[in-house]
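# Observations on chain architecture
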Amino acid sequence: MKHLVLFAWFLFMPEVQSLEIIAGDFSDVSVTPTLDKIADGPPVNTNRYERRHKRSDGSSTEEEDPIDEHVTIHSYKVKSIITSRFAETVFSTKVVNKETSAQNVAFNIQIPEGAYISNFTMTVNDITFVGSVHEKSVARNLFAQARAEGKAAGMISTSVREMESFKAEVNVPGGSKVSFELYCQELLQRRLGLYEQTIILHPGNLVKQLQVDVYIFEPQGISHIEAPNMLGAQFDGLIHITKGENKAHISFKPTMDQQRKCPNCSDSAIDGSIVVRYDVKRELNGGSIQVSNGYFAHFFAPSNLPPLPKNIVFVIDVSGSMWGIKMKQTVEAMATILADLRPEDQFTIIDFNHNIRAWNDHLVSATPSQIKEAKKYVERIQPNGGTNINEAILSAIYILTEANNLGLLDPRSVSFIILVSDGDPTVGEIKLSNIQRNVRRQMQEDFSLYCLGIGFDVDYDFLERIALENRGVARRIHANVNASSQLMDFYEEVATPLLRKIEIHYGDDVTDVTQDRFDKYFSGSELIVAGKLAKKEPSNIKCLVTASSANDDLTFEVDSPTDELDKSLAKQKYVLPEFTKQLWAYLTINQLLAERALAQSALQKRNITSKILGLALVHQFVTPVTAMLVESEETGQKLLADSPKSTRNGCCKGTPIIGKKPASIPTWAQSIATPLPQQQIGPATESKVGLKGPVTSVENDPHFIIHLPKSKQDVCFNINPQPGKILSLVSDPIKGIVINGKIIGGKKTQNQKLNTYFGTLGLHFTKLNLSFEISTEKIRLKDGKHKTVLWWSESSILTHASVVVSVKKNANVTITLGEDMVFLILLHRVWKNHPTNVDFLGFYAPPTNNFSTSVHGLIGQFIHEPEVNVYNIRQGLDPNKPQATMEVKGHKITVTRGLQKDYRTDTVNGTDVQCWFIHNSGKGFIDGHFKDYLVPHLYSFLEHP
């Protein structure tokens, strides 16, 4: 983990360095000493509470002081409240100096990676210092003014090597108490299918009150949560999880005896992390929009999609500095990574020092034999020489470009370069700005660059800039025994790309939308977009998500009410009521910092800096352009907390599209929302393909309505198969089309009869190698070995070659095959506790569908209309239902005039359709008996006798 260190020394020394803080002695608050008096004062005992101390005589109990007569840690508490992935964590410590002389006490907390400090409060000898965020130069002026007036003042700065740690060190008078409270906020990122929060615990000594509480509230519901014990076997069973439907509480509260390294030890055994991992329930591929307090957050993490093929060039630094453990761990990681490649992937390897070598100078398929040879090649690498990063990356770009020009890349594949290096360039082009420019000029729009920097010798800022500019990300790999697993973990994050070219379009009801275009989406990650509601609050928010998957073009329509979440939040005790507001600010600042790092002109950089500053001041974030002034109103004493100077990565997994228009602010940094496209889902598709006219259909129990366009009549019949049986509706071996339906039964019999319905429909198109399984829960498409799932709970469109699948939310799905065929499946929902009925499906097809002469099935046989003659119309037993004689297929049948229902325009009551009803399960009208149409599987063709 990266560490940000902000140091605070409350003692002036003449040889003070840039990382120190100048401050006054707090032993006498009534008189503020001058800096000279501090400098000339007596030496101070520099014992810190992290130092190990010997136990005092006598037995120690939980009520007794935990360490010797010097410094006691009275409490050490962490409370984290997570609301919809956005977390606010509060670290608080109370320390007592029992000694009569002053002691130096350090408050050292490792804050979550990627978090922004939002407040810091400190109380020393009853003097309280409260933090507030200011523009950096303003804060420094106030700080300098306090120093000039002879008041105690301090400067908290940063360390480049440890970038996520907060440290304040204060001189505590004898007999005094000091308390620290640090607030930070962060957006948890989803990686490998889980959100993770890590809380590092290093109290140093035994603590009378040590407590960690993590409260999670997720409106979508919590699907999985874990908090494995990472602290050692003696703490087994002490981390407690309480989980509900959409909230959870993780607690850790060891007693002093449980904290001891051994029964008679005075040292603490706690030195590690509390790690909480969880995921949320997801039912919508288009994502979940959560609206609260005038802001919204859209969480997009679809699943059940086939992976995109990958074209990867691994670029490995084998210069002399990689000798030893770094190279050994890189080789170990590469062996696992290469074995994980899929057969549809293409790859090669470039290793470089002062020279550039390629295992293969063109991409090869990831076959077992090629992977075996690549592993052997990597194992034989012997690091030596300099570092020519420029030529290495350009060589990788050339290989991808050549393959693309020769048409060797799948149009739906993703292409990227993974650079692994531990140092700065020393050979060839060594000027970083020139390397950045060279790569920018040669990189193709569809390629991405991912940079892994091993250790701290590498210029990580440069790797971040060059990765962001080329649709990738950078990651620091710590050079230790876990470097191999860090490399493999990163690869796992990008190993399964599911979507490319993702665009999310919102209507005029929202404004100030954050980044809404993404280059890629990887399995197990999440894309997040946030924004503000317009002044006139809408009743709901709608958006359209478009993307391209391995085989399909997808469109999802998402809508969400704007008044429900606030009501739910008001009922919760541990939530962040303004989480959407802070989340929006967090996203926007991170994205603007990324754009600022790539600014092509001073004017552009100033404009972006101004936007960051305005947001940071309003939302109280310590950023690279702001500082926190910590001051006491009582004494006028001030401290100044600067932020890290390094830029931060973007918020979300999935590569932002940055740098295409370097002369302008990106769309997500502007205050203009993209208008919702005038694209209709569902009904518009029905109208286009002609499903408004007469159709042949199957509904309810199941009732068949066969439309005969030549005779302009509708003929009806019912059948009553047993639940679990599968009926052939359409079977066309020449066209390669099968449509079958699986029967389900009602909950119980009515009038001594069990109603039966279609619960699942299967459509199989052999020539397209495409199958659909449509149930009352979901719509599943299978293309060979890959599967894609659409849900009834959201409107969506999927385009696969010549096939278009259009889902209208909780209503219907339309499947269109070019200009030849169209099918409509209606969803019938019943209320949850209905005593007898169940959800079921209705099937509709127009008579214009273009089947072959060999088509058959309960519906298919009537595509080619038989001769029908109806005569001798007469009064039946029911005066409202006349009878007649029908001649069809050589049979004379007594038929009854009646009504059936068409539910296309009125899904509740239906529309009456007059038809001639044939009794005895269609006997005489259908070929043979209805049992002749039973098939063994959902995709089975009907066998002719």
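Residues numbered from 1 in each chain as written. Predicted model: local features only at pLDDT ≥ 70, side-chain atom pairs only at ≥ 80, totals over all residues. Heavy atoms only, no water.

## Regarding the pairing of strand β19 (residues 310-317)
Rule in force here: Burial classes follow relative accessibility: with a 1.4 Å probe on protein chains only, a residue under 20% of its type's maximum area counts as buried, one over 50% as exposed, and anything between as partly exposed. Secondary structure elements are taken from DSSP: a helix is a run of H or I of four residues or more, a strand is a run of E of two residues or more, and numbering for both begins at the N terminus. By the convention used here, strands pair only if DSSP detects at least 2 bridges between them. If the strands point away from the viewer and the path from the first strand over the helix to the second runs clockwise, then the crossover is right-handed.
Burial runs high along β19: eight of the eight residues are buried. Neither face of β19 is open: one carries Lys-310, Ile-312, Phe-314 and Ile-316, the other Asn-311, Val-313, Val-315 and Asp-317, and all of them are buried. Looking at chain direction, β19 and strand β23 (residues 414-421) are connected through seven bridges and run parallel. Paired with Val-315 across the bridge in β23 is Leu-419. Alignment of β19 against strand β20 (residues 346-352), held across seven bridges, turns out to be parallel. The residue bridging Phe-314 from the neighbouring strand is Ile-349, located in β20. Regarding the hand of the β-α-β motif, the stretch spanning β19, helix α4 (residues 325-340) and β20 is right-handed.

## Looking at the state of the cysteines
Stated precisely, the cut-off is as follows: For this text, the term disulfide refers to a pair of cysteine sulfurs within 2.5 Å.
Enumeration over the complete set of coordinates arrives at two disulfides. The disulfide partner of Cys-262 is Cys-265, and the S-S distance across this bridge is 1.7 Å. Given an S-S torsion of about 90°, the disulfide between Cys-262 and Cys-265 has right-handed geometry. Taking the relative accessible area as the measure of exposure, Cys-262 reaches 29% and is therefore partly exposed.

## Remarks on the sheet that holds strand β29 (residues 527-533)
In plain terms, the rule: Whether two residues are in contact is decided by their heavy atoms: any pair within 4.5 Å suffices. Angular values range over 0 to 180 degrees, each being the angle between N-to-C directions of two axes fitted as lines to C-alpha atoms, with helices fitted over their stretch in contact.
One open sheet holds the four strands; their spatial order is β17-β18-β29-β27, and the pairing between them is antiparallel. Each edge of the open sheet is held by one strand with a lone partner, namely β17 (288-292) and β27 (510-511). Across six bridges, strand β18 (residues 295-300) lies against β29 in antiparallel orientation. Within β29, the residue paired with Phe-299 across the bridge is Ile-528. Across the sheet, helix α11 (residues 579-597) is in contact with β17, β18 and β29; its angle to β29 comes to roughly 115°.

## A short note on the pattern of salt bridges
A side chain with one charge can pair with a side chain of the opposite charge if their charged atoms come near. Put simply, the test is: Note on definitions: salt bridges are taken to be side-chain nitrogens of Lys or Arg within 4 Å of carboxyl oxygens of Asp or Glu.
Under the defined criterion, the tally for this structure stands at 30 salt bridges. Across the pair Arg-282 and Asp-279 runs a salt bridge whose closest N-O atoms are separated by 2.9 Å. The buried category is assigned to Asp-279, whose relative accessible area is 9%. Connected via shared salt-bridge partners are Arg-85, Arg-190, Glu-218, Asp-279, Arg-282 and Glu-526.

## Details of empty space enclosed by the protein
Under the convention used in this document: Cavity means a closed set of points on a 1 Å grid over the protein atoms alone, one where a 1.4 Å probe fits but cannot get out, pocket means an open set with protein on both sides within 12 Å along at least 5 of 7 lines, and lining means a residue has an atom within 4 Å of a point. Grid points are joined across faces, edges and corners, and a volume is the space filled by probe spheres set on the points. For this classification, Asp, Glu, Lys and Arg are treated as charged, while Ala, Val, Leu, Ile, Met, Phe, Trp, Tyr, Cys and Pro are nonpolar and the rest, including Gly, are polar.
Using the criterion set out here, one finds six cavities of 30 Å³ or more in the structure. In this structure, the largest cavity spans a volume of roughly 90 Å³. Around the largest cavity, the lining residues are Phe-314, Val-315, Ile-316, Thr-330, Ala-333, Met-334, Ile-337, Ile-418, Val-420, Leu-452, Leu-487 and Tyr-491. Residue assignment for the lining of the largest cavity shows that the elements contributing at least two residues are β19, α4, β23 and α9 (483-494). At four residues, α4 tops the list of elements feeding residues into the lining of the largest cavity. Grouping the constituent residues of the lining of the largest cavity by class yields eleven nonpolar, one polar and no charged.

## A word on the packing of α4 against α9
The condition that has to hold: Throughout this description, any angle smaller than 35 degrees is read as roughly parallel, any larger than 145 degrees as roughly antiparallel, any in the 65 to 115 degree range as roughly perpendicular, and the remainder as oblique. Each crossing is labelled by how the near helix is turned from the far one, with a counterclockwise turn of less than a right angle marking it left-handed and a clockwise turn marking it right-handed.
The geometry of α4 relative to α9 is characterised by a closest axis approach of 8 Å and an angle of 30° between their N-to-C directions. Classed by the angle they form, the pair α4 and α9 counts as roughly parallel. You can see that α4 and α9 cross each other, and the crossing is right-handed. Residues Gln-329, Thr-330, Glu-332, Ala-333, Thr-336, Ile-337 and Asp-340 of α4 lie in contact with α9, whose contacting residues are Ala-483, Ser-484, Leu-487, Met-488 and Tyr-491.

## Details of helix α5 (residues 368-379)
Counted only if it meets this: Any helix carries an expected span of 1.5 Å times its number of residues minus one. The directions from the helix axis to the C-beta atoms form the arc being described.
Between the first and last C-alpha of α5 there are 17 Å, a value that for twelve residues agrees with the 16 Å anticipated at 1.5 Å per step. For α5, the set of buried residues is Ile-371, Ala-374, Tyr-377 and Val-378. Buried residues of α5, viewed axially, fall in a sector of 120°; they line one side. For α5, the exposed residues lying more than 90 degrees away from the buried face are Pro-368, Lys-372 and Glu-379.

## Observations concerning a positive patch on the surface
To keep it simple, the criterion reads: Only residues above 30% relative accessible area that lack a salt bridge enter a patch, with like-charged residues linked at up to 9 Å and the nonpolar side chains Val, Leu, Ile, Met, Phe, Trp and Tyr linked at up to 5 Å. Surface accessibility in these figures is a Shrake-Rupley result with a 1.4 Å probe; residues are shielded only by whichever protein chains are displayed. Only four residue types enter the charge count: Lys and Arg as positive, Asp and Glu as negative, with His and the chain ends excluded. All charge positions are set by atom: Lys at NZ, Arg at CZ, Asp at CG, Glu at CD.
Taken together, the side chains of Lys-77, Lys-94, Lys-177 and Lys-253 present a region of like positive charge at the surface. Note on placement: Lys-94 falls in strand β3 (residues 86-97). For Lys-94, a relative accessible area of 47% gives the class partly exposed.

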